[in-house]
Every structure is written in structure tokens, then in C-alpha cells.
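Observations on the three-dimensional arrangement
The chain contents come next:
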Amino acid sequence: MPGSLDPVIDDFAKDYLHSDLREIREAMVWKLDGLPEADIRRPLVASGTNLLGLVKHLTLSESRYFGEVFGRPFPEPMPRWDDLAARGADMWATEQESREDIVGRYRRVWAHSDATIHALAVDSPGHVPWWPRPDVMLFNVLVHVLTETARHAGHADILREQLDGATGEGRW
């Protein structure tokens, strides 16, 4: 129920998680910097994972969690979570999808997600139909998306290091 937690703690938790999410998003995009097109698309592990595919995947995931889950769908066409034909296609960039297209869409998803985060209280209810316990709060989704983004940033660290030895979170 909105407003049931201490507002000071609520604001602190939401701001802290949101700040970390913004930082790790930038780190993900930095992983593409300075690399030629072939390298950002090159599968470097048996699963076929590549840097651009990770960004594309995070775009779809974040658009769902801060969009559909809270009744605020991202305004651009995206596959639905229950579209079995599209499952897994978010892990690879097609030849028709440029780096600029994918990164630009990721940044637009950030703006949409940020608007959702700003508009809602940390204990605002959402519904994640693909989770075993689907009734959630914004807090749960913030933690989940931050965790998923950080996990994929770790994957990106390994892929980037294989390509040119670069490691870390960015050049700031």
C-alpha cells in the first residue's frame, strides 16, 4: 500500500537504487566505445553473446519492467514478454539494426524508466505476470533491474576485455 513505509527511508532507497542504475547503464554503453562494428557484434562465448546484444537485451528488459509492470508501456513497438516467437531475439543485433539505433533506443528506455521511477512511490504496486509471485512494488523492480543490469555489465566486462583488454566502468 503506497505511503506505508517511512517517507525518508523510501526516498533514500529509491534515490540510491536509481543512482546506481543510472551509473551502470552508462557503463554498459561505454563498453561499446571505441570498438569497430564487427567487434561489438562478434560472439565471443558459446552462447553467442556479444556486446551490442547485451545492450539490446537490457533495452527490452528495462522497457518491460518499468513499462508494462506499472501500466506505463514504452511508446515504441517492443515484443511482449509472452511473444514466444520473439524469445531470445533480443540477445543479437540484426544487420538492419545499427549501434546508433540500439543505443538510442536504450537511452529512450532510460528516459521512460526514469519518468516511471520519478512518478511513483517506492512502494507503488506493480504486476510482473512472468514471476511466481507477480504482485510487486517499485522497490522490487528497482532491485531486480539494477541486479540484472549489473550482471550483464559483468558479462560485458569479460567480452570487452577479450576484445581489447579494456576493463572498468567507463572513462569518468
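Residues numbered from 1 in each chain as written. Predicted model: local features only at pLDDT ≥ 70, side-chain atom pairs only at ≥ 80, totals over all residues. Heavy atoms only, no water.

Now for the overall build of the protein chain. Summing up its helical and strand segments, the protein chain has five helices and two strands in all. For the protein chain, the N- to C-terminal ordering of α and β elements is α-α-α-α-β-β-α. Relative to the compact-globule value of 16 Å for 172 residues, the protein chain shows a C-alpha radius of gyration of 17 Å, a close match. Over its C-alpha atoms, taken along the principal directions, the protein chain stretches across nearly 50 × 40 × 25 Å. When the 172 residues of the protein chain are sorted by exposure, 45% land in the buried category. Taking as baseline every contact in the protein chain between residues at least 6 positions apart, the subset at least 24 positions apart corresponds to 76%. For the protein chain, the accessible surface area stands at approximately 9,000 Å², while carbon and sulfur atoms represent 58% of it. Charge separation in the protein chain, taken as the distance between the mean sites of 19 positive and 28 negative side-chain charges, equals 4 Å. (Helix = DSSP H or I, 4+ residues; strand = E, 2+ residues; numbered from the N terminus. Rg over C-alpha atoms; globule rule 2.2 N^0.38 Å. Buried < 20%, exposed > 50% of the residue type's maximum accessible area, 1.4 Å probe, protein only. Contact = heavy atoms within 4.5 Å. Areas by Shrake-Rupley, 256 points an atom, 1.4 Å probe, with all protein chains shown as cover. Lys, Arg positive; Asp, Glu negative; His and termini not counted. Charge placed at Lys NZ, Arg CZ, Asp CG, Glu CD.)

Turning to the packing of aromatic side chains, a few remarks are in order. Two measures describe an aromatic ring pair: the distance that separates the ring centres and the angle between the ring planes. Summed over all chains, the structure comprises four aromatic pairs. Taken together, a centroid distance of 5.8 Å and an interplanar angle of 45 degrees make the contact between Tyr 65 and Trp 131 tilted. Residue Tyr 65 is located in helix α3 (residues 51–65), and its partner Trp 131 is located in the loop between β1 (125–127) and β2 (135–137); the two are separated by 66 residues in the primary sequence. A relative accessible area of 6% places Tyr 65 in the buried class. Clustering of aromatic rings is evident, with ring pairs tying together Tyr 65, Trp 130 and Trp 131. Here the basic side chain of Arg 160 rests over the ring of Trp 30, its NZ or CZ set 5.3 Å away from the ring centre. (Phe/Tyr/Trp six-rings, centres within 6.5 Å; stacked < 30°, edge-to-face > 60°. Lys NZ or Arg CZ within 6 Å of the ring centre and 35° of its normal.)

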